[in-house]
Amino acid sequence: MKFLPKSPGEWWQLARRMGRFYSSARVPRGLKIAVVALCALYFLLPTDLLLDRFPLLGRLDDLTAIALIHLGAVVWAQHQYRLDEPERSPASLQADPAVTTTVDVPGRST
């Protein structure tokens, strides 16, 4: 499980990534809703890996599954939607001189 955080700093980084996952405009709203719905479904279904008859272990099983669902979604979305890069508005892209747009016009050479 190479994606599991090992130090307190990595756990804090994961919490920040999860916040970016839910607040980012790059991640589709449907994906965010699907992750929350999947977690709620697992929490509410009576079928678990450990039975809820055992008070602490049953809930710990639910919390672990929910954490792993979020971890998988956040890691996947981080790579898919580049959540570590800062979001830039279209207005800031136009004002930035480092961002250039070139258009190839047929028949013209530069």
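Parameters at a glance
- Residues numbered from 1 in each chain as written.
- Predicted model: local features only at pLDDT ≥ 70, side-chain atom pairs only at ≥ 80, totals over all residues.
- Heavy atoms only, no water.
- Helix = DSSP H or I, 4+ residues; strand = E, 2+ residues; numbered from the N terminus.
- Buried < 20%, exposed > 50% of the residue type's maximum accessible area, 1.4 Å probe, protein only.
- Contact = heavy atoms within 4.5 Å.
- Areas by Shrake-Rupley, 256 points an atom, 1.4 Å probe, with all protein chains shown as cover.
- Axes fitted to C-alpha atoms, helices over the stretch in contact; angles between N-to-C directions.
- Parallel < 35°, antiparallel > 145°, perpendicular 65-115°, else oblique.
- Left-handed = near helix turned anticlockwise from the far one by under 90°.
- Nonpolar A, V, L, I, M, F, W, Y, C, P; charged D, E, K, R; others polar.
- Polar contact = N/O pair within 3.5 Å; in protein donor to acceptor, adjacent residues only side chain to side chain.
- pLDDT = per-residue confidence, 0-100.
- Core = buried A, V, L, I, M, F, W, Y, C linked by side-chain atoms within 4.5 Å.
- Expected span 1.5 Å × (residues − 1).

1. Focus on the overall build of the protein
Within the protein, the secondary structure is distributed over four helices and zero strands. Element order for the protein, N to C, with α for helix and β for strand: α-α-α-α. Expressed as a percentage of the 110 residues in the protein, the buried residues total 21%. In the protein, the proportion of contacts linking residues at least 24 apart, taken out of those at least 6 apart, comes to 54%. Total accessible area on the protein stands at roughly 8700 Å², and carbon and sulfur atoms take up 65% of it.

2. Description of the packing of helix α2 (residues 29-44) against helix α3 (residues 55-81)
In a packed pair of helices, the relevant descriptors are the angle between the two axes and the axis-to-axis distance. The N-to-C vectors of α2 and α3 enclose an angle of 165°; their axes lie 9 Å apart at closest approach. Our classification of the angle between α2 and α3 gives roughly antiparallel. Both α2 and α3 take part in a crossing whose hand is right-handed. On α3, the residues touching L31, V35, L38, C39, Y42 and F43 of α2 are R59, D61, D62, A65, I66, I69, H70, A73, W76 and Y81. Broken down by class, the residue content of the contact of α2 with α3 amounts to 12 nonpolar, one polar and three charged.

3. Thoughts on the side chain of S24
In this fold, S24 is placed in the loop between α1 (8-23) and α2. With relative accessibility at 3%, the residue S24 sits in the buried group. Polar contacts involving the side chain of S24 include one to the main-chain amide nitrogen of R26, which spans 3.0 Å.

4. Some remarks on the confidence of the model for the protein
Looking at the protein as a whole, the pLDDT averages 79, with 72% of positions reaching at least 70. By mean pLDDT, the top-scoring element of the protein is α2 (91), and the lowest-scoring one is helix α4 (residues 90-95) (59).

5. Regarding the nonpolar core
With 12 residues, the main nonpolar core is built from L14, F21, V27, V35, C39, I66, L71, A73, V74, V75, A77 and L83. Within the residue set of this core, elements represented by two or more residues are α1, α2 and α3. With six residues, the single largest contributor to this core is α3.

6. A closer look at the environment of A73
As for its placement among the helices and strands, A73 is situated in helix α3. On the basis of relative accessibility, which here comes to 13%, the residue A73 falls in the buried class. In the structure, A73 is positioned 52 residues away from F21 in sequence and 8.6 Å away in space, judged by C-alpha atoms. Those residues within four positions of A73 in sequence are excluded, and the remaining contacts are F21 and V35.

7. So, the environment of I33
Turning to its location among the elements, I33 is positioned in helix α2. Considered as a pair, I33 and Y22 are 11 residues apart in the sequence and their alpha carbons are 9.6 Å apart.

8. Some thoughts on α3
Helix length check: α3 (27 residues) gives 39 Å between terminal C-alpha atoms against 39 Å at 1.5 Å per residue, within 8%. In this structure, the buried side of α3 is in contact with α1 and α2. Immediately downstream of α3, the backbone of R82 shows phi near 50°, a positive value.

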